[in-house]
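If you want the building blocks of each chain, they are given just below.
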Amino acid sequence: MRNLIFTLFTFFAFTFSQAQILDPVKWKTSIEQKSDTEFVLKFDATIQKDWHIFSQFTPEGGSLPSVFIYENAKGNYQLIGKTTESKYKVKFEEAFGVDEYIFEGSAQFSQKIKVINPNLKSIKVEIEYQACLEQCIQQFKVFEFQLPARESASNTLQKEDTLTVVKEDIQVKLENKLSKSQSDQVEKKEEQKGLWTIFIIAFFSGFAALLTPCVFPMIPMTVSFFTKQSKDRAKGIKNAIIYGISIIVIYVALGSAITAIFGADSLNELSTSVAFNVIFFGLLIFFAASFLGAFEIVLPNSWANKVDRQADRGGIIGIFFMALALAIVSFSCTGPIVGTLIVEAASKGGIAPIVGMLGFSSAIALPFMLFALFPGWMNSLPKSGGWLNTVKVSLGFLELAFAFKFLSNADLVLQLHWFERETFLAIWIAVFGAWALYLFGKITLPHDSPLTHISVGRLFMGLFVLSFTIYMIPGLWGAPLKIISGFPPPLHYSESPNGIGGSNSADLQVLPKGAHSGPHGIMAFHDYKYGLAYAKEINKPILLDFTGYACVNCRKMEDYVWSDKKILSILKNEVVLISLYVDDKKELAENEKYVSKETGKKVRTIGNKWSDFQITKYKANAQPYYLILDTEGNTLSDEPASYDPDISRYEKWLRSGIDKFGKK
């Protein structure tokens, strides 16, 4: 009897661990009354240990952001501003090659509203979010806020899990063991790490700007001025240091102004905007054309003249205006670099633009201070010449390459597939290839000096750029290119999983109806009906794959497990793969939309449809989630499989289901 009880207990424990409705996020809501017509809707999420959800502003190309949908707003109430959120943690996700903004332990959101309709009694809000651990779950929660009586302007009503929820999923009581203080410490460390990265990148960018024709010749001229015009060496050193500090103050003030104008939080939100990415694509193309010699970007001469007159005043004020004059005169070289830095820093939000300008200006100011302290060093400086224009043109090629990252971001947000991975890499190969030819002297541009030979340094730089260009070429055929991970679109966002000219590209013309070329050239169906019909036609078992475009561990399984020779052979030759994407945002036709009998939620999109199918038929809602089926849709596998990077175990699981099909 004990053995029987133990067997039954083990069976049920295993079953529920494999097929269950997971709900790792517990929500508490409240409504705060600010006035007779203004209220604040508050959402507090408690997240189970080791799980995480995503910010509304997590960069595109990665996991799905949290989305708040205010359903009955029209004619009833107005949203004041956008939904705000607590601090998130920044984490780099290798599977997608992007930084992701996540909440662990807890998260807070709030939205201020103004009621227009005096008869309004309640407000419905739908929250759509993705929770991830080893599996990812697409969750849809609908809350109905009951508006309080409009009597007191400071009345706060707390309601914990007592609001009306439209047939909530099965609630699982979860404990949050990660304290708020620990979460704040982690977020603070990540933020500091990100700011140090920005500072270092900006610092080296400042050195690059220093080696341009607009700035480099100013070093000996300015230092000589301070040392000769000052009464003694100590005074000259003091003036040079004040000059350097003034440069830093000017550029930090610019970063502070950008942060103040847009707001620290809004900068990050702006960076995920399609319009922002398209505008800055055009701006960087403009900067690149200037660096390459098409035209000069200069500020009005009247500005420089007015500043020069102020510089003649002498003293600290005069030195400050000398520094401002340098910033204005050198703008044609420094402007594009500063613009690019601010764009990149803006994508991080917070005080990143200030930190970026601090790093950039420190690199510009440092030589003026050092050469004032040690004037003998100036004898070792290389003479001005054509090499300065070579540096400027090289920066132009880099600006041109980085511009296409912003265009790629916009395409990823809209999922237009106009600018996929192969297109991006082809452009980068062309840009860096042209740069290599320029360094070897095979291409000349408007402001180049006559070139009779190339220096050893230029030769080495040319070889480096050429090597990088050759390195990128295999990416057209599907190579991961880990060195530039995060710049091109992810591997799955591609014209063809086989790359341009792939060996299986000819097979694409003979794919059956509803089939697509999936990861590693595996034929896959994205519609259950077509996949089931094809499996019946050729009499093969089905590998049913519940997945998501933004599912990290789904990509890891495809990249590291499905790519194995044994597994790949099975998936290509012995099963029919049906991959159902639960986060597909394409709208269903009106006559195909319905309300789920299982969850009571409205099924609006293709992703909703497959998510409801998984929940209804298999009582599970996590991805990746794999099953082996026969041609009638009956389950053959003893249990479903999920994320497991053990290749041999996954092969054994596949074989078990396939063997059962063969015995039928």
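Whatever comes next refers back to the structure up there.
Residues numbered from 1 in each chain as written. Predicted model: local features only at pLDDT ≥ 70, side-chain atom pairs only at ≥ 80, totals over all residues. Heavy atoms only, no water.

**As for the overall build of the protein**
Definition in use: To qualify as a helix, a DSSP run of H or I must reach at least 4 residues; to qualify as a strand, a run of E must reach at least 2; elements of each kind are numbered from the N terminus. Pairs of residues are marked as contacts when any of their non-hydrogen atoms sit within 4.5 Å. We get accessible surface area from the Shrake-Rupley algorithm with a probe of 1.4 Å; when it comes to residues, only the shown protein chains can shield them.
Across its full length, the protein carries 18 helices and 20 strands. Nonlocal contacts in the protein, meaning residues at least 24 apart in sequence, comprise 72% of its contacts between residues at least 6 apart. Total accessible area computed for the protein in this model is approximately 32400 Å², and 61% of it derives from carbon and sulfur atoms.

**Comments concerning helix H14 (residues 528-538)**
Stated precisely, the cut-off is as follows: The classification of residues rests on relative accessible area computed with a 1.4 Å probe and restricted to protein chains. Under 20% of the type maximum is buried, over 50% is exposed, and intermediate values are partly exposed. This arc describes the spread of directions from the helix axis toward the C-beta atoms. Any N or O atom pair separated by 3.5 Å or less is treated as a polar contact, with the protein-specific requirement of one donor-capable and one acceptor-capable atom, and with residues adjacent in sequence counted only for side-chain atom pairs.
For H14, the full list of buried residues reads Tyr528, Gly531, Leu532, Tyr534 and Ala535. The buried side chains of H14 occupy one side of the element, clustering within an arc of 165° when seen end-on. Exposed positions of H14 whose direction lies more than 90 degrees from the buried face are Lys529 and Glu537. In this structure, the buried side of H14 is in contact with strand E14 (523-525), strand E15 (542-547), strand E16 (576-581), helix H17 (606-618) and strand E20 (625-629). Taking the backbone nitrogen of Lys529 as reference, a side-chain oxygen 2.9 Å away marks Asp527 as the first, capping residue of H14. The positive-phi residue at the C-terminal boundary of H14 is Asn539, with phi of around 55°.

**Here we look at the packing of aromatic side chains**
Put simply, the rule reads: Geometry of aromatic contacts follows a simple scheme: Phe, Tyr and Trp rings, the Trp one being its six-membered ring, pair when their centres are within 6.5 Å, and the pair is stacked under 30 degrees between planes, edge-to-face over 60, tilted otherwise.
Across all of its chains, the model carries 30 aromatic pairs by this definition. Taken together, a centroid distance of 4.9 Å and an interplanar angle of 70° make the contact between Phe432 and Phe468 edge-to-face. With a gap of 36 residues between them, Phe432 in helix H12 (residues 421-439) and Phe468 in helix H13 (residues 456-472) connect regions that are remote in the sequence. Taking relative accessible area as the criterion, Phe468 reaches 17% and is therefore assigned buried.

**Concerning the nonpolar core**
Worth spelling out the cut-off: Buried Ala, Val, Leu, Ile, Met, Phe, Trp, Tyr and Cys residues form a nonpolar core when they are joined through side-chain atoms within 4.5 Å.
If you look at the biggest cluster of nonpolar residues, it comprises 33 residues, and the most contacted ones within it are Trp27, Leu41, Phe43 and Ile123. Elements with a minimum of two residues in this core: strand E1 (25-33), strand E2 (38-47), strand E4 (67-70), strand E7 (98-103), strand E8 (106-115), strand E9 (122-132) and strand E10 (136-146). Beyond its immediate sequence surroundings of up to four residues, Leu41 is in contact with Ser30, Ile31, Tyr70, Phe109, Ser110, Gln111, Ile113, Ile123, Val125 and Phe145. By size, the runner-up hydrophobic cluster in this structure holds 31 residues, among which are Phe276, Leu425, Trp428 and Val431.

**Side note on unusual backbone geometry**
In this structure, the amide linkage connecting Gln623 to the following residue, Pro624, adopts the cis form with an omega of 0°. Within the element layout of this structure, Pro624 appears in the loop between strand E19 (622-623) and E20. A positive phi angle is found at Asp50, which is not glycine, with a value near 80°. As for its placement among the helices and strands, Asp50 is situated in the loop between E2 and strand E3 (52-54). Although it is not a glycine, His417 adopts a positive phi angle of roughly 60°.

**Observations concerning the pairing of E4**
Definition in use: Being paired, for any two strands, means DSSP has found at least two bridges between them.
Residues Phe68 and Tyr70 line the buried face of E4, whereas the alternating positions Val67 and Ile69 sit on a face that is not buried. Sheet topology note: the E4/E9 ladder contains four bridges and is antiparallel. Residue pairing for E9: Ile69 is matched across the bridge by Glu126.

**Quick word on the side chain of Thr631**
For Thr631, the location among the structural elements is in the loop between E20 and helix H18 (647-663). The residues contacting Thr631, other than those within four sequence positions of it, are Leu532, Ala535, Lys536, Asn539, Lys540 and Phe661.

**Quick notes on the pattern of salt bridges**
Formally: When a carboxyl oxygen of Asp or Glu is within 4 Å of a side-chain nitrogen of Lys or Arg, the pair counts as a salt bridge.
Summed over all chains, the structure comprises 17 salt bridges. Ionic pairing is found between Lys89 and Glu104, a salt bridge with its closest N-O pair at 3.4 Å. Linking Lys89 in strand E6 (residues 89-93) with Glu104 in the loop between E7 and E8, this pair joins segments that are 15 residues apart in sequence. Classification of Lys89 as buried rests on a relative accessible area of 16%.

**Brief notes about a nonpolar patch on the surface**
To keep things clear, this is the line we draw: Patch membership requires more than 30% relative accessible area and the absence of a salt bridge. Residues of like charge join within 9 Å; the nonpolar side chains Val, Leu, Ile, Met, Phe, Trp and Tyr join within 5 Å.
Where nonpolar side chains cluster on the molecular surface, the patch consists of Val456, Leu459, Phe460 and Leu463 and spans about 370 Å² of accessible area. Note on placement: Phe460 falls in helix H13. By relative accessible area, Phe460 is classed as exposed at 55%.

**Some points on the state of the cysteines**
Test applied: For this text, the term disulfide refers to a pair of cysteine sulfurs within 2.5 Å.
In this structure the tally under the stated criterion is one disulfide. In this model Cys132 forms its disulfide with Cys136; the gap between the sulfur atoms is 2.1 Å. Residues Cys132 and Cys136 are joined through a disulfide that is right-handed, its torsion about the S-S bond being 115°. Like Cys132, the residue Cys136 is buried in the burial classification.

**Section: the sheet that holds strand E13 (residues 515-517)**
The criterion, for reference: Only the stretch in contact is used when fitting a helix axis, every axis being a line fitted to C-alpha atoms; angles between N-to-C directions are given from 0 to 180 degrees.
Ordered in space as E13-E14-E16-E15-E20, the five strands form an open sheet in which the pairing is mixed. At either margin of the open sheet sits one strand with a lone partner, and together these are E13 and E20. Taking each pair of neighbouring strands and ignoring which way they run, the sheet shows an average axis angle of 30°. Relative to E14, E13 runs antiparallel, the two sharing three bridges.

**Points about the packing of helix H16 (residues 565-573) against H18**
Put simply, the rule is: Should an angle lie under 35 degrees it is considered roughly parallel, over 145 roughly antiparallel, and from 65 to 115 roughly perpendicular; all remaining angles are considered oblique. In this scheme, a crossing is called left-handed if the near helix is turned counterclockwise away from the far one by less than a right angle; it is called right-handed if the turn is clockwise. Residue polarity is assigned by list, with Asp, Glu, Lys and Arg as charged and Ala, Val, Leu, Ile, Met, Phe, Trp, Tyr, Cys and Pro as nonpolar; anything else, Gly included, falls into the polar class.
Where H16 meets H18, the axes come as close as 10 Å, and the angle between the chain directions of the two elements is 25°. Here H16 is positioned roughly parallel relative to H18, judged by the angle of their axes. Helix-helix and strand crossings are classified by hand; for H16 and H18 the assignment is left-handed. For the pair formed by H16 and H18, the contact residues are Lys566, Ile567, Ile570 and Leu571 on the first element and Ile647, Tyr650, Glu651, Leu654, Arg655 and Ile658 on the second. Residue classes in the contact of H16 with H18 are distributed as seven nonpolar, no polar and three charged.

**A short note on the environment of Ala323**
In this fold, Ala323 is placed in helix H8 (residues 315-329). C-alpha separation for the pair Ala323 and Ile245, spaced 78 residues apart in sequence, amounts to 9.0 Å. Those residues in contact with Ala323 that sit more than four places away from it in its chain are Tyr243, Ser246, Ile247 and Ile250.

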